[in-house]
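Structural description and commentary
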Amino acid sequence: MSAFDVIVIGSGPGGYVAAIRCAQLGMKTALVEKYSTLGGTCLNVGCIPSKALLDSSEHYHNATSTFAVHGIKTGKVSVDFKQMIQRKREVVEQTTGGIDFLMKKNKIEVLTGHGAFISETKISVSPEKGKSAEYEAKNFIIATGSKPATLPFIKLDKTRVITSTEALELKEIPKHMIIVGGGVIGLELGSVYARIGAQVTVVEYMDAIIPAMDKACGKELMRSMKKLGVKFLLSHKVKEVKATKTSVTVKADDKKGLEQEIQGDYCLVSVGRKPYTDKLGLENTSVKVDERGRIAVNEKLQTGAANIYAIGDVIKGAMLAHKAEEEGTFVAEVMAGQHPHIDYNLIPGVVYTWPEVAAVGQTEEQLKESGIPYKSGVFPFKASGRARASMDTDGMVKVLAHEGTDEILGVHMVGPRAADMIAEAVVAMEFRASAEDVSRMSHAHPTFTEAMKEAALAATGDRALHI
Ligand code: FAD
Ligand code: NAD
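Everything in this summary refers to the structure shown in the same document.

Definitions and limits used
For every chain, the first residue of its written sequence is number 1, and the numbers climb from 1 along that sequence. Chains carry letters from A onward and ligands carry numbers from 1 onward, assigned in written order. Side-chain atom pairs in this predicted model are given and counted only at pLDDT of 80 or more, local residue features only at pLDDT of at least 70, and totals for whole chains, interfaces and linings cover all residues. To get the side-chain values, take all heavy atoms of the structure and skip hydrogens and water. Helical segments are the DSSP runs of H or I of at least four residues, strand segments are the runs of E of at least two, and each set is numbered from the N terminus. Note on exposure labels: buried denotes an accessible area under 20% of the residue type's maximum, exposed denotes more than 50%, and partly exposed covers the range between, all computed with a 1.4 Å probe on protein chains only. Contacts are assigned to residue pairs with any non-hydrogen atoms lying within 4.5 Å of each other. The salt bridge criterion pairs a side-chain nitrogen of Lys or Arg with a carboxyl oxygen of Asp or Glu, the two atoms within 4 Å. Residues are classed as near a molecule or strand on a simple rule: at least one heavy atom within 4 Å of it. In protein, a polar contact means a hydrogen-donor-capable atom and an acceptor-capable atom, both N or O and within 3.5 Å, with residues adjacent in sequence counting only if both atoms are side-chain atoms; elsewhere, any N or O pair within 3.5 Å suffices. Note on areas: Shrake-Rupley, 1.4 Å probe, and residue coverage restricted to the protein chains presented here. Aromatic pairing here means that ring centres of Phe, Tyr or Trp (its six-membered ring) are within 6.5 Å. Orientation follows from the plane angle: under 30 degrees is stacked, over 60 is edge-to-face, and everything else is tilted. Whether a charge sits over a ring depends on NZ of Lys or CZ of Arg being within 6 Å of the ring centre and within 35 degrees of the ring normal. In short, DSSP must find at least two bridges between two strands for them to pair. Axis definition: a line fitted to C-alpha atoms, over the contacting stretch in the case of helices. Angles run 0 to 180 degrees between N-to-C directions.

Attention now moves to the environment of Thr 96. Tracing the backbone shows Thr 96 in helix 5 (residues 81–105). Thr 96 gets classed as buried once you look at its relative accessible area, which sits at 6%. The spacing of Thr 96 and Leu 43 is 53 residues in sequence and 6.4 Å in space, taken between C-alpha atoms. Apart from the residues within four sequence positions on either side, Thr 96 is in contact with Thr 37, Leu 38, Leu 43 and Asn 44.

So this is what it looks like as structure tokens:
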């Protein structure tokens, strides 16, 4: 039986990063993955394929809607959907292949098969075909991620009533895609299909889309997505989803309790994801799960068994690839006797629609609720020369700073390249910068990042220059 210093179960961004960091720190490391490709949800059916389709559909949208204004004549432009999906597959293949390379480079043994605990120091790995084998390790890291959640009354037939996984592999462009849940997945994949010609209706239970983010972001994004033709039914409680071979019917009660019926040909259910611990043999260990099925961990991300750690989507916190990665590094360093730290308040959140939404720190609603005195500076992209040049004038940057100390407490953006721009806010907040600090730093002109400087100026005492 092979013995390792550490065995990581699950090869998503949490697991593979943990494995690399363990190997870098000199541990004999194995990585267990039940699928034949590494990379987990993120690389196979999440972050990467969704961004590939977002980029392709954005090109098409620009070709059909903004090229003419730029003075570019294209003739008839059409979508080759099969090729769009094929290119996405190639991007996924290249990216997951990159993880194979990284495992070899770091001398990490990849064990293909389903991992299950036999005891707190031993697991079995069962490949789809062939015999299972047993492996021992001093430490384990559970990084088994998450799966799409559904509502109790919705049967996912995966043909007409689908999750994000199927929505990334459709064979045709839907005529009318009904999306249950106006969160990140619904809005990103809704954007893809709306851009390439589908009618898209988002049915959201709350009174705002992306309800967990700063309310201003949801409002701005909804305005932009309506221009794409996306229809929103907010404060609608979905109560029935029925499918035939060719159609779906969604019934929801509106704010007044009146039943609304929506007909379409596909229904994407995007109401969140649930932690995945199926057949992991946790009953053979002291690892416990909480009331939501998440593995319970302490501040060192240790489970009920001191030598078994858990990270990523399978534990509490935001279900984000970069959060899982930070935790992977954290646990490896804890095991090596180091004293790492993660500031969960500084993990940014991004929605890759266009305009993009990005945020870090506290929302205005959270600051109000906790009674923290704050001031707000907002700069709209329509006042940015760079945004006018590229015709990306939707959105704004909002900087929230402490009323007394001027320390930046939250930054919320909707706009072009917000996903990349949020990094400046993360750095500023990591070093506990004040709004004035950021406002006095030179930002290249003309760039979208000037909106961050201007919002910081606005927060510093109504000192914005270009509005
Ligand atoms: P996962 O990536 O889920 O990986 C877990 C792995 O463990 C899987 O490969 C699974 O097969 C394997 N596994 C499970 N159980 C076992 C077992 N018993 N034995 C062996 N292997 C096992 N996040 C972002 O930050 N940015 C984005 O743009 C983004 N886009 C997304 C788009 C979509 C459509 C979806 C669905 C998610 C997206 N996410 C995004 C979320 C992101 O994918 C997850 O937060 C991230 O993948 C979590 O990483 P993880 O390592 O915890 O688990
Ligand atoms: P989500 O939590 O972002 O959104 C779910 C939405 O469904 C919420 O707005 C919620 O109010 C709504 N909802 C719940 N029950 C409903 C009902 N009965 N009727 C109508 N609406 C209902 O979840 P998601 O979009 O499924 O994404 C899952 C996870 O994947 C998220 O945690 C997210 O962090 C991650 N993800 C991240 C990215 C990114 O970082 N860009 C992209 C995709 C997914």
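There's plenty left to go through after this.
Our next topic: the pattern of salt bridges. For the structure on display, the rule yields 21 salt bridges. Salt-bridge contacts for Arg 195 lead to Glu 58; the nearest nitrogen and oxygen are separated by 3.2 Å. Placement of the pair is Arg 195 in helix 7 (residues 184–195) and Glu 58 in helix 3 (residues 47–65), with a sequence separation of 137 residues. The same class applies to Arg 195 and to Glu 58, which are both buried. Across the salt bridge formed by Lys 398 and Glu 364, the nearest N and O atoms sit 2.5 Å from each other. Taken together, the residues Lys 398 in strand 21 (residues 396–402) and Glu 364 in helix 10 (residues 364–369) connect sequence positions 34 residues apart. Among the residues examined, Glu 364 registers a relative accessible area of 15% and is labelled buried. What you see here is one network of salt bridges that share partners, running through Lys 88, Arg 89 and Glu 169.

Another aspect to go through is the site of ligand 1. Not every one of the 39 residues close to ligand 1 is listed here, only the nearest: Glu 33, Thr 41, Lys 51, Gly 115 and Ala 321. The contact in question runs from an oxygen atom of ligand 1 to an N or O atom on the side chain of Thr 41, over 2.6 Å. Protein contacts shield 95% of the accessible area of ligand 1, which totals 1000 Å² for the unbound molecule. Elements with a contribution of two residues or more to the shell around ligand 1: helix 1 (13–24), strand 2 (29–33), helix 2 (40–45), helix 3, strand 4 (114–119) and helix 9 (321–335).

A separate point is the packing of aromatic side chains. Two descriptors summarise a pair of aromatic rings, namely the distance from one centre to the other and the angle between the planes of the rings. Per the stated rule, a full pass over the model turns up four aromatic pairs. Taking 6.3 Å as the distance between ring centres and 45 degrees as the angle between the ring planes, the aromatic pair formed by Phe 4 and Tyr 135 counts as tilted. Here the residue Phe 4 occupies a position in strand 1 (residues 2–9), and Tyr 135 occupies one in strand 6 (residues 133–142), the gap between them amounting to 131 residues. Accessibility expressed as a relative area gives 5% for Phe 4, which makes it buried. Looking at Lys 147, its charged tip hangs above the ring of Tyr 276, at a distance of 4.9 Å from the centre. One residue, Arg 386, lies across the ring of Phe 448, its end atom 5.1 Å from the ring centre.

All right, on to the site of ligand 2 then. Around ligand 2, a shell composed of 22 residues is seen, among which Ile 185, Glu 188, Glu 204, Gly 272 and Val 350 lie nearest. Separating an oxygen atom of ligand 2 from a side-chain N or O atom of Glu 204 is a distance of 2.6 Å. The separation between a nitrogen atom of ligand 2 and a polar main-chain atom of Val 350 is 2.8 Å. Within the complex, the protein chains bury 78% of what would otherwise be the 840 Å² of accessible surface of ligand 2. Counting residues per element, the shell around ligand 2 draws most heavily on helix 7, which supplies three residues.

Here we take up the pairing of strand 4. Pairing of strand 4 with strand 5 (residues 122–126), which is carried by five bridges, proceeds in the antiparallel orientation. What sits directly across from Ala 116, in strand 5, is Ser 124.

Glancing now at the sheet that holds strand 14 (residues 259–264). Taken in spatial order, the three strands of this open sheet run 12-13-14, and their pairing is antiparallel. Edge positions in the sheet fall to strand 12 (237–243) and strand 14, since each has one partner strand and no second. Averaged over all pairs of adjacent strands, the angle between strand axes in this sheet comes to 20 degrees, irrespective of strand direction. The sheet contact formed by strand 12 and strand 13 (residues 248–253) spans six bridges and is antiparallel. Opposite Lys 242, over in strand 13, you have Thr 249 as the bridge partner.

Further remarks concern the side chain of Ser 124. Assignment of secondary structure puts Ser 124 in strand 5. Using a relative accessible area of 14% as the deciding quantity, one classes Ser 124 as buried. Once residues lying within four places of it in the same chain are set aside, the contact partners of Ser 124 are His 114, Gly 115, Ala 116, Ile 118, Ala 133 and Glu 134.

Assignment of secondary structure puts Ser 235 in the loop between strand 11 (231–233) and strand 12. Excluding residues that lie within four positions of it along the chain, Ser 235 makes contacts with Glu 204, Tyr 205, Met 206, Asp 207, Asp 253, Asp 254 and Lys 255.

Let us now look at the sheet that holds strand 8 (residues 161–162). Reading across from one edge, 8-15-9-10-11 is the order of the five strands in this open sheet, with parallel pairing throughout. Looking at strand neighbours, the two that pair on one side only are strand 8 and strand 11, the edges of this open sheet. Both strand 9 (residues 176–180) and strand 15 (residues 266–269) contribute to a ladder of four bridges, which runs parallel. Residue pairing for strand 15: Met 177 is matched across the bridge by Tyr 266. Across the sheet, helix 7 touches strand 9, strand 10 (199–203), strand 11 and strand 15, and the angle it forms with strand 10 is around 165 degrees.

The next subject is unusual backbone geometry. The omega angle of the peptide bond from Trp 354 to Pro 355 is 0 degrees, so this bond is cis rather than trans. Counting through the fold element by element, Pro 355 comes out in the loop between strand 18 (349–351) and strand 19 (356–361). In this structure, Ser 235 takes a positive phi of about 50 degrees despite not being glycine. Residue classification places Ser 235 among the buried residues on the basis of a relative accessible area of 18%. Even without being a glycine, Lys 279 presents a positive backbone phi close to 50 degrees. Here Lys 279 shows up in the loop between strand 16 (273–275) and strand 17 (308–310).

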